[in-house]
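One letter stands for each residue in the lines below.
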2 protein chains.
Amino acid sequence: MPQLNENFFDLEKNYLFINIAKKVKAFTEANPDADIIRMGIGDVTLPIAKCVVDAMKKGADEMGVKETFRGYEDSGAGYDFLREAVSGYYKSFGADVPADDIRINDGAKADCGNIVDIFGQDNIVLVTDPAYPVYVDTNVMSGRKVIYANSNEENGFAAMPDDSVKCDLIYLCSPNNPTGSVYTREQLAQWIAYAKKNNAVIIYDAAYEAFITDDDIPRSIFEVEGAKECAIEMCSLSKTAGFTGMRCGYTVVPHELVVKSSKGEDVQLAQLWGRRQGSKFNGVSYPVQCAAAAVFTEEGQKQIKENIRYYQNNAGVISRTFDELGIKYTGGKNSPYIWFKCPNNMGSWEFFDYLLENAYVVGTPGEGFGKNGEGWFRLTAFGDKDRTVEAMERFRKLLGK
Amino acid sequence: MPQLNENFFDLEKNYLFINIAKKVKAFTEANPDADIIRMGIGDVTLPIAKCVVDAMKKGADEMGVKETFRGYEDSGAGYDFLREAVSGYYKSFGADVPADDIRINDGAKADCGNIVDIFGQDNIVLVTDPAYPVYVDTNVMSGRKVIYANSNEENGFAAMPDDSVKCDLIYLCSPNNPTGSVYTREQLAQWIAYAKKNNAVIIYDAAYEAFITDDDIPRSIFEVEGAKECAIEMCSLSKTAGFTGMRCGYTVVPHELVVKSSKGEDVQLAQLWGRRQGSKFNGVSYPVQCAAAAVFTEEGQKQIKENIRYYQNNAGVISRTFDELGIKYTGGKNSPYIWFKCPNNMGSWEFFDYLLENAYVVGTPGEGFGKNGEGWFRLTAFGDKDRTVEAMERFRKLLGK
C-alpha cells in the first residue's frame, strides 16, 4: 500500500480562489440578474499586444515547416534569444543579470512551488503574513515548518526582519500580493543583511515589478548590493504583459549563490535547480517563447506599457474613491492591488458577503492570505475601466456617509 | 543555513542526453567535416500538421482580442474542449476515460516527475530496468528506495512481476522506452493483479501508444479490466503529434483510484493530485491547448497518422537491415525505437564511440537506461527517411560480413 504524502492533510481544505468561485456561483444561481463586477482574482483583462500575438503566430508557422521546426530544447532552460532578452530587460532598469543565470518557465507559480524541491525537509521557512498562499501551501506539502513575519497596519503591511528570529528560507514579494506594499532599497538591504547573518536564502517574487513607478523602489532584488549571494528571484509575464493564459515567466538563480552541504562542500543552487528542471521539466512551448521575446522589443514594451497605464488608472480610480470615503488602504501606487481595512470593523469574509450581496462586487477576503489579513480586503485594478468606475460608484452608495 | 535536498547528490552526475551531447560536440569539433546522423535522443523531426498550426494561430488571434482573450484557467486542469477531445480519443480505441479524470499538462515528463509529490517518502518504487531515467531520478531526488524488475533478452525486454517482491509504486512504459517492447493485454492483466495484491499503484507511461499497430496490444492500461482501481496513466502529444517543442500532454487519475491514509481513511488520489497541481501549476497556454485539440479532430488524426507512418517506415528500414545483418533487437514494430545487442560483445558506451567514429551515427547507449541496458543500444525511427536509409547503409558497411 503506498504511503501518501500526508502533509497534504495539513493544508487548508480548499484553495482560496476556489472558495470564492463557489460562493459567487451560488450567488449568481440564486440571483441570475445581478450584474456582478469581479475584482477578486488577480487576472488581467486586456488582450495580448498585437506584436506579441504576431510573434507567436510566426513561431507557430515555423513549427509547421520542416526547416524551421523545433523539437526539444537542448537544456530546457529557455532559448538564448529569450534569456538574452530578459537579461537586457534587467539591464534597462539597472540590474546586472546574465542570461546564463536565467531559466525560462511556464509561470512564476510553478517555480515558486517547485523550487522547494532543492531544499531539505528540516528548513525553517519565513513567510510574511499576509502572503500569496502558494508560498505556504507548497512548503506545508513538503512538511516544512513555516513561521511568519507580521505585515500589518503599523508597518504599512511591509514586514521587516526580526533579529531574534532564525530561519533558512525567506519569501518576499514586492510589490506585494495581496497588500500592494513595496520595499524600498534600504528595506531590501536590511532583509539581505538579515539573510546573510542567518545564512538564509531569500526567494523573491517580483511578479508585479512592471507596476513600479517610483524611481527609488527597486524592480529587482538584484538592484540591491549583496543580493546575488543570498537571493533567488522569480518573475512572470502574467501581469507585465497579460500572460496569465499564455504562461511564461523566468527564474534567476545567480551563479554566485552557494550553500554549504552537510559535508561542508560548496554547492551552487543553480546547479541543483538545473538538475531538478532537467528531470521534471522540458521547457516552454517554442511559440510561447517567441511571444515572450516580443514583449521585450521596443514595440512590445510600448504596447504593454499602455496596458499597464490602463490598469494604473484603474488603481487611481479606486485609491481616490477610498481617499474620499476615508477608507484606510495600502497599494494602489506601484501596484495593481488595493488592500483596505473592511469598513465598520467587519471580518473579511463577512465583508466579502456584504459586498457581493449589496453591491454585486467580488473581491478577495484578506483572511485568505493569512491571519494578518483578517479584517482586510483586496481589490485589483485589472478590470475594465468603466466597470471599475461603476464598482466605485457602488462603493460610494454603499459606504458613503 | 538552509539544508539542501542532499538526495540530489545520489543522482548520477550527469543526465544521459547531456553526456551524449558533450561527446558529440567534442567529436564534431575535432571532425568538422563528419556528416553526422543523429538517431540518439527521441526527438521527432517532421513539422507540426497544418491544421494544428492553424488552430494555434487562431488561438493566438483570440488572445489578441478583448472579447475572446483568455486569462487564467479556472481549474488549471485544461479546458473542457480539450479534455473532452482526449476522452473521445480514448473512446476511439475502446478505453472509457471520462473528461473529469483527465488533467492537461505541459508534457508527460513533468507529470511523471511531479506525481511523486503526492506520495510519502517511505514507499518502495519498482522500476523496470532498463527505463526512461526520469522514473528513477525523480524518486531518488525524493529519497525513495528504488528496486528493479529485470527486462532482458530472456523476457523480450518486457519485465513481468515477481510475487516474492513487495512494492508500493510501479512504473510501466508500453510501448517501452528504450526497448520498444510492448505489453499484451494478458501481461498487463498480470501487472494489475500484482498491483492489487500488493495494494500498489501503477504509474503507466503511454507516451508511445500512437505507434501501436497490432490490435491485441492495448494502447491504454484502461483497456484492461481492473486498471482504474490501481493505475495512473500519462500520455503526451510529443511523439503522437510532434509536440516535443509545443509541450502538451495529459494525465489520467481515475476517480475510482482510492488509497487508504495511515488513519484508514479512503483518499482519492485524483484529489491530492488536483491539490498539488492547484498549488504548483497554472495550466497550459491557451493557444497550445487549441493546437492540441486540433490533433484530435478528423483532419488532425489524418495528418498526424501520415507522420506516424513515415516514422514507422523508418523503423521498418532499420528492422530489415538488422534482420539482414543478424543483429538481435526488440521494438521496431508498435514502437519508434529499435533496441539491439551491440555487435561483437561491445559495451554500450564502447559501441557508442565505435559507431560515432566509424559511421558518424549517434545513438543512445543502453547502459544509460539501467544495468540491463549494458551491451545494448537504442536507435530511433524519428529521423529523416533518406538519412535513416543512409545510416543503415553505413551499418551494412561497418558490420556486414
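Residues numbered from 1 in each chain as written. Chains lettered and ligands numbered in written order. Predicted model: local features only at pLDDT ≥ 70, side-chain atom pairs only at ≥ 80, totals over all residues. Heavy atoms only, no water.

**Brief notes about the packing of aromatic side chains**
Then step 1. Under the defined criterion, the tally for this structure stands at 62 aromatic pairs over all chains.
Then step 2. Plain terms: the ring middles of Y90 of chain A and Y250 of chain A are 6.0 Å apart, the flat faces sit at 80° to each other, and that makes the pair edge-to-face. Taken together, the residues span a long stretch of sequence, with Y90 of chain A in helix 3 (residues 80–92) and Y250 of chain A in strand 8 (residues 249–252) at a distance of 160 residues.
Then step 3. On the numbers, 5.6 Å between centres and 10° between planes, the contact of Y79 of chain B with F81 of chain B is stacked. (Phe/Tyr/Trp six-rings, centres within 6.5 Å; stacked < 30°, edge-to-face > 60°. Helix = DSSP H or I, 4+ residues; strand = E, 2+ residues; numbered from the N terminus.)

**Some points on the environment of E374 of chain A**
Residues and elements named next belong to chain A.
Then step 1. With respect to the element layout, E374 can be found in the loop between strand 14 (364–365) and strand 15 (376–380).
Then step 2. With 25 residues separating them along the chain, E374 and W349 place their C-alpha atoms 8.5 Å apart.
Then step 3. Apart from the residues within four sequence positions on either side, E374 is in contact with G347, S348, G366 and E367. (Contact = heavy atoms within 4.5 Å.)

**Notes on the interface of chain A and chain B**
By a widely used convention, the size of an interface equals the accessible area lost when the partners come together.
Then step 1. Each partner contributes residues to the interface: chain A has 86 residues there, and chain B has 86 residues.
Then step 2. Summed over both sides, the interface of chain A with chain B buries roughly 7,000 Å², with 57% coming from carbon and sulfur.
Then step 3. Linking chain A with chain B are 36 residue pairs in polar contact (both at pLDDT 80 or more), by the criterion used here.
Then step 4. Only helix 2 (50–63), helix 4 (108–114), helix 5 (133–141), helix 7 (238–241), strand 9 (258–260), helix 8 (269–280) and helix 9 (286–295) of chain A provide two or more residues apiece to the side of chain A that touches chain B. (Buried area = accessible area lost by both parts, 1.4 Å probe. Polar contact = N/O pair within 3.5 Å; in protein donor to acceptor, adjacent residues only side chain to side chain.)

**Here's the deal with the packing of helix 11 (residues 348–359) of chain A against helix 12 (residues 385–399) of chain A**
All names here are of chain A.
Then step 1. At a closest axis distance of 11 Å, the pairing of helix 11 and helix 12 adopts a crossing angle of 105°. Here helix 12 runs roughly perpendicular to helix 11, going by the angle between their axes. Contact residues: F351, Y354, L355, N358 and A359 in helix 11; R394, F395, L398 and L399 in helix 12.
Then step 2. Grouping the amino acids of the contact of helix 11 with helix 12 by side-chain chemistry returns 7 nonpolar, 1 polar and 1 charged. (Axes fitted to C-alpha atoms, helices over the stretch in contact; angles between N-to-C directions. Parallel < 35°, antiparallel > 145°, perpendicular 65-115°, else oblique. Nonpolar A, V, L, I, M, F, W, Y, C, P; charged D, E, K, R; others polar.)

**Here we look at the sheet that holds strand 7 (residues 231–236) of chain A**
Residue and element names in this part refer to chain A.
Then step 1. Spatial strand order, 2-8-7-6-5-3-4: 7 strands in an open sheet with mixed pairing. Both outer strands of the open sheet, strand 2 (102–105) and strand 4 (145–150), are each paired with one neighbouring strand and no more. Within this sheet the neighbouring strands show an average axis-to-axis angle of 20°, counted without direction.
Then step 2. Looking at chain direction, strand 2 and strand 8 are connected through 4 bridges and run antiparallel. Across the sheet, I102 pairs through a bridge with V252, a residue of strand 8.
Then step 3. Where helix 3 meets the sheet, its contacts fall on strand 2, strand 7 and strand 8, and the angle it forms with strand 2 comes to roughly 115°. (Pairing = 2+ DSSP bridges.)

**Here we look at the relation of the copies chain A and chain B**
One copy of the chain maps onto the second through a rotation around an axis plus a translation along that axis.
Then step 1. Overlaying chain A on chain B yields an RMSD of 0.0 Å, the required transformation being a rotation through 180° with an accompanying axial translation of 0.0 Å. On this basis, the relationship between the two copies can be described by a two-fold rotation axis. Within chain A, K57 of chain A has its C-alpha nearest the rotation axis, a separation of 2.6 Å. (Least-squares fit on C-alpha atoms with pLDDT ≥ 70 in both.)

**A word on the side chain of S319 of chain A**
Residue and element names in this part refer to chain A.
Then step 1. Residue position: S319 is located in helix 10 (residues 298–325).
Then step 2. Of note is the side chain of S319, whose polar atom sits 2.8 Å from the backbone oxygen of A315.
Then step 3. Dropping the residues within four chain positions of it, S319 is found in contact with Y329, G332 and I338.

**Focus on the sheet that holds strand 3 (residues 124–129) of chain B**
In any sheet, the strands associate via hydrogen bonds between backbone groups, in a parallel or an antiparallel arrangement.
All names here are of chain B.
Then step 1. As summarised here, the arrangement of the 7 strands in space is 2-8-7-6-5-3-4, forming an open sheet in which the pairing is mixed. Each edge of the open sheet carries a strand with a single partner, namely strand 2 (102–105) and strand 4 (145–150). Strand after strand, the sheet turns through a mean of 20° between neighbouring axes, direction not considered.
Then step 2. Where strand 7 (residues 231–236) meets strand 8 (residues 249–252), 4 bridges bridge the pair, whose relative direction is antiparallel.

**Some points on the pairing of strand 5 (residues 169–173) of chain A**
Regular strands show a simple pattern: their side chains alternate between the two faces of the sheet.
All names here are of chain A.
Then step 1. A large share of strand 5 lies buried, amounting to 5 of its 5 residues.
Then step 2. Of the two faces of strand 5, the one carrying L169, Y171 and C173 and the one carrying I170 and L172 are both buried.
Then step 3. Relative to strand 5, strand 3 (residues 124–129) runs parallel, the two being bridged by 3 bridges. Bridging from a neighbouring strand, V125 pairs with L169 of strand 5.
Then step 4. What joins strand 5 to strand 6 (residues 201–205) is helix 6 (residues 185–198), and the crossover it makes is right-handed. (Buried < 20%, exposed > 50% of the residue type's maximum accessible area, 1.4 Å probe, protein only. Right-handed = clockwise from strand over helix to strand, strands pointing away.)

**Brief notes about the environment of V97 of chain B**
All names here are of chain B.
Then step 1. Mapped onto the elements of the fold, V97 is located in the loop between helix 3 (80–92) and strand 2.
Then step 2. The sequence separation of V97 and E223 amounts to 126 residues, and the corresponding C-alpha distance is 9.5 Å.
Then step 3. Non-local contacts of V97, meaning those with residues more than four positions away in its chain, are made with S87, Y90, I102, F222 and V252.

**Quick look at the pattern of salt bridges**
Side-chain pairs of opposite charge can arise where the charged atoms are in close proximity.
All names here are of chain B.
Then step 1. Scanning all chains against the criterion turns up 48 salt bridges over all chains.
Then step 2. Residues K23 and D353 are paired through a salt bridge, measuring 3.1 Å at the closest nitrogen-oxygen approach. Linking K23 in helix 1 (residues 16–30) with D353 in helix 11 (residues 348–359), this pair joins segments that are 330 residues apart in sequence.
Then step 3. Among the residues examined, K23 registers a relative accessible area of 32% and is labelled partly exposed.
Then step 4. With a closest N to O distance of 3.7 Å, D163 and K197 form a salt bridge. In this pair, D163 is assigned in the loop between strand 4 and strand 5 (169–173) and K197 in helix 6 (residues 185–197), connecting sequence segments 34 residues apart. (Salt bridge = Lys/Arg side-chain N within 4 Å of Asp/Glu carboxyl O.)

**With respect to the side chain of Q303 of chain A**
Then step 1. Relative to the assigned elements, Q303 of chain A resides in helix 10.
Then step 2. In this structure Q303 of chain A comes out as buried when scored by relative accessible area, which is 17%.

**Some points on helix 1 (residues 16–30) of chain A**
Structurally, the α-helix is built with 3.6 residues per turn, so residues lying three or four positions apart point the same way.
Residues and elements named next belong to chain A.
Then step 1. Taking 1.5 Å per residue as the helical rise, helix 1 with its 15 residues ought to reach 21 Å, and the 22 Å between its terminal C-alpha atoms agrees with that figure.
Then step 2. Looking only at helix 1, the buried set comprises L16, F17, I20, V24 and F27. For helix 1, the angular spread of the buried residues around the axis is 85°, confining them to a single face. Those residues of helix 1 that are exposed and angled more than 90 degrees off the buried face are K22, K25, E29 and A30.
Then step 3. Where helix 1 is buried, its residues contact strand 1 (37–38), helix 5, helix 11, strand 13 (361–362), strand 14 and strand 15. (Expected span 1.5 Å × (residues − 1). Arc of directions from axis to C-beta.)

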